[in-house]
Amino acid sequence: MDKNLKLYLTTIFTAAFLVFLRLGSSYIFDFALNEVLFFTAALLILSNMSMLFNSISKVITSMNLPILLTTFVVLNPFWAAVVSAVGTTEFKTRESGFIWFKFLFNRAVFFLSAAAGALAFNFTQARLGESGFPFSALLAASLIYFLVDNILVYIVLYLAENDIKQTSLINYFFELSKNLVTSYFIGIILFASYIYFGKVFFALVIVLLYVIKDFFYSRLQQINSYTQIVESFLKVIDSKDHYTEGHCKRVAYYTYHLCKQLGLSKTKSEKIINVAKIHDIGKIYVNDEVLKSSDKLSNTQYQEIKKHAVYGYQLLKDIDILKEELDVLLHHHERWDGTGYPDGLSEKEIPIGARILNITDSFDVMTTGRSYKAPLTKMETIEELEICSGSQFDPEIAAEMIKLIEDGHFDNNFLREDLISEYQFSIEY
Ligand SMILES: [Fe+2]
Ligand SMILES: [Fe+2]
């Protein structure tokens, strides 16, 4: 082991021991058995939750601090620190092996951080004489706990030559400070549950928070795999149909703006935008000659290409995470007057996402043109949208699209050619 690391570990062990003696001499006999056992058990269960329940998420935002905040109020600094040191013990599976100095270091850090947090709580409480709910004292305690904990850990990571050298101290703390804010608020909720409703309720809230976190984590994973699926589909569409290369991406970009203009909720908009990105996926089943034909399509060819909406729907209908949005894909060629395909739905029978997509899809065709048709100018596009409003397009949505165009939102897209392919679009909320 590195000499500096050895020296550092010795310092931490000594410091923890001295603080243990000092606090112990004042508080060791002020011992509330029930509370000490309750909080230690709560921490132990949470620290080992992923092992017990085979949970999919590791405890990302650690629940240690939120639980400890209540101990700072209920217990004295000595016992709060002991609860912290003992309760955070992880009973790991054998794989990683037991490293005694790592184990001791973790105990020492949890002891010192909690002792500092509890003392900060008492100090602030005494100074401010905060009556009622101790918001400020708990905030001070969280901050001090957070600083001591992370500085001590940062130093050991630094000395042990982990990746951390590439991350500056400021970055390291910036990333972690997000956890601090969450921890503080969760801590406040837990403390309030404990004070007003007792131990059982406190435990229930922890379980509830854990379930919610798991839910969000799995949702996050779903979104990630969704994005990957969409990216692969985009490649497939582009390789099949060079002429419309980038079409789905551009339509998604227009759809994003139109959803925003219409004031749709973020969740709803995201779903529609996601469909926009793959709305023509069904074209992979359409005959190459039809797709690549540079002449105006014959009636048979047109019938063939019309099938892409149903093909796309069939292709994706068994993928669970895509299910909800598929109606939008299936109906993106329905028309307001009921003469569209595949089902001839009219007006509000058509899902709103499909009505939006129909407009943004056509807008891209108008502005990029086809081999047999030159792209339209800004004025011509607006005119075209006006003409088709009420027949092909939902008049209200078309009016909003026209507003966007008039306000110059898509001016770059009328310049077409190189600019469009270079257009970097990112969807940000
Ligand atoms: Fe289409
Ligand atoms: Fe399309």
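Here the structure is a predicted model, which is why all the values come from computation and not from measurement.

Engineer: Describe the coordination of the iron ion (ligand 1), and please don't skip the residues or the numbers.
Structural biologist: Where a metal carries four tetrahedral donors, each ideal angle is 109.5 degrees; where it carries six octahedral donors, the ideal angles are 90 or 180 degrees. Protein coordination at the iron ion (ligand 1) comes from Asp280 (OD), His308 (NE2), His332 (NE2) and His333 (NE2), with a distance range of 2.1 to 2.3 Å. Because the angles between the 4 donor atoms bound to the iron ion (ligand 1) fall within 84 to 174 degrees, the donor set is best described as irregular. Summarised as a motif, the one-chain spacing of the donors to the iron ion (ligand 1) is D-x27-H-x23-H-H. A separation of 3.5 Å is found between the iron ion (ligand 1) and the iron ion (ligand 2), which are bridged by aspartate 280. Of this pair, aspartate 280 sits in the loop between helix 11 (266-278) and helix 12 (288-292) while histidine 333 sits in the loop between helix 15 (326-330) and helix 16 (352-368), and the two are 53 residues apart along the sequence. For aspartate 280, a relative accessible area of 3% puts it in the buried group.

Engineer: So what about unusual backbone geometry? Which residues, and what values?
Structural biologist: Of note, the amide linkage connecting tyrosine 341 to proline 342 takes the cis form, showing an omega dihedral of 5 degrees. Looking at where proline 342 falls in the secondary structure, it is placed in the loop between helix 15 and helix 16. In the Ramachandran plot, glutamate 347 falls in the positive-phi region, its phi being about 40 degrees despite a non-glycine side chain. On the secondary structure map, glutamate 347 appears in the loop between helix 15 and helix 16.

Engineer: So, the coordination of the iron ion (ligand 2): which residues are in play, and what are the values?
Structural biologist: Looking at the iron ion (ligand 2), one finds its protein donor set to be His247 (NE2), His279 (NE2), Asp280 (OD) and Asp361 (OD), positioned 2.1 to 2.4 Å from the metal centre. Around the iron ion (ligand 2), the 4 donor atoms sit at angles spanning 73 to 165 degrees, and that spread fits a shape best called irregular. Sequence spacing of the donor residues for the iron ion (ligand 2), all on one chain, is H-x31-H-D-x80-D.

Engineer: Describe the environment of leucine 316, with residues and values.
Structural biologist: Position of leucine 316 among the secondary structure elements: in helix 14 (residues 308-316). Sequence-wise, leucine 316 and leucine 326 are 10 residues apart; in three dimensions their C-alpha atoms are separated by 7.7 Å.

Engineer: Tell me about the UniProt feature "transmembrane region" (unreviewed entry) in the protein chain, and name the residues and values.
Structural biologist: Following the UniProt record, one finds the feature "transmembrane region" (unreviewed entry) at residues 7-24, 65-87, 99-123, 135-160 and 180-212. Between the C-alpha atoms that bound residues 7-24 there is a distance of 25 Å. The span itself is 100% helix and 0% strand. Secondary structure content for residues 65-87 is 91% helix and 0% strand, and the end C-alpha separation is 12 Å.

Engineer: For a negative patch on the surface, give the residues involved together with the corresponding values.
Structural biologist: On the surface, a cluster of negative charge is contributed by Glu380, Glu383, Glu386, Glu406 and Asp407. In terms of residue count, helix 17 (residues 378-388) provides more of the negative patch than any other element does, 3 residues in total. Examined against the element boundaries, aspartate 407 turns out to sit in the loop between helix 18 (395-406) and helix 19 (411-415). Note on aspartate 407: relative accessible area 57%, which makes it exposed.

Engineer: Go over the side chain of threonine 89 with me, naming the residues and quoting the values.
Structural biologist: On the secondary structure map, threonine 89 appears in the loop between helix 5 (77-87) and helix 6 (100-128). Of the residues examined, threonine 89 reaches a relative accessible area of 10% and is grouped as buried. A distance of 2.6 Å separates a polar side-chain atom of threonine 89 from the backbone oxygen of valine 86. If near-sequence neighbours (up to four positions away) are discounted, threonine 89 is found in contact with Leu44, Ser47, Asn48, Phe103 and Arg107.

About the criteria used
- Residues numbered from 1 in each chain as written.
- Chains lettered and ligands numbered in written order.
- Predicted model: local features only at pLDDT ≥ 70, side-chain atom pairs only at ≥ 80, totals over all residues.
- Heavy atoms only, no water.
- Donors = N, O, S within 2.8 Å, 3.2 Å for Na, K, Ca; no water.
- Tetrahedral: all angles 85-135°; square planar, octahedral: opposite > 155°, others 65-115°.
- Helix = DSSP H or I, 4+ residues; strand = E, 2+ residues; numbered from the N terminus.
- Buried < 20%, exposed > 50% of the residue type's maximum accessible area, 1.4 Å probe, protein only.
- UniProt positions renumbered as here; feature names shortened; annotations may be inferred.
- Patch = residues over 30% accessible without salt bridge, like charges linked within 9 Å, V, L, I, M, F, W, Y side chains within 5 Å.
- Areas by Shrake-Rupley, 256 points an atom, 1.4 Å probe, with all protein chains shown as cover.
- Salt bridge = Lys/Arg side-chain N within 4 Å of Asp/Glu carboxyl O.
- Lys, Arg positive; Asp, Glu negative; His and termini not counted.
- Charge placed at Lys NZ, Arg CZ, Asp CG, Glu CD.
- Polar contact = N/O pair within 3.5 Å; in protein donor to acceptor, adjacent residues only side chain to side chain.
- Contact = heavy atoms within 4.5 Å.

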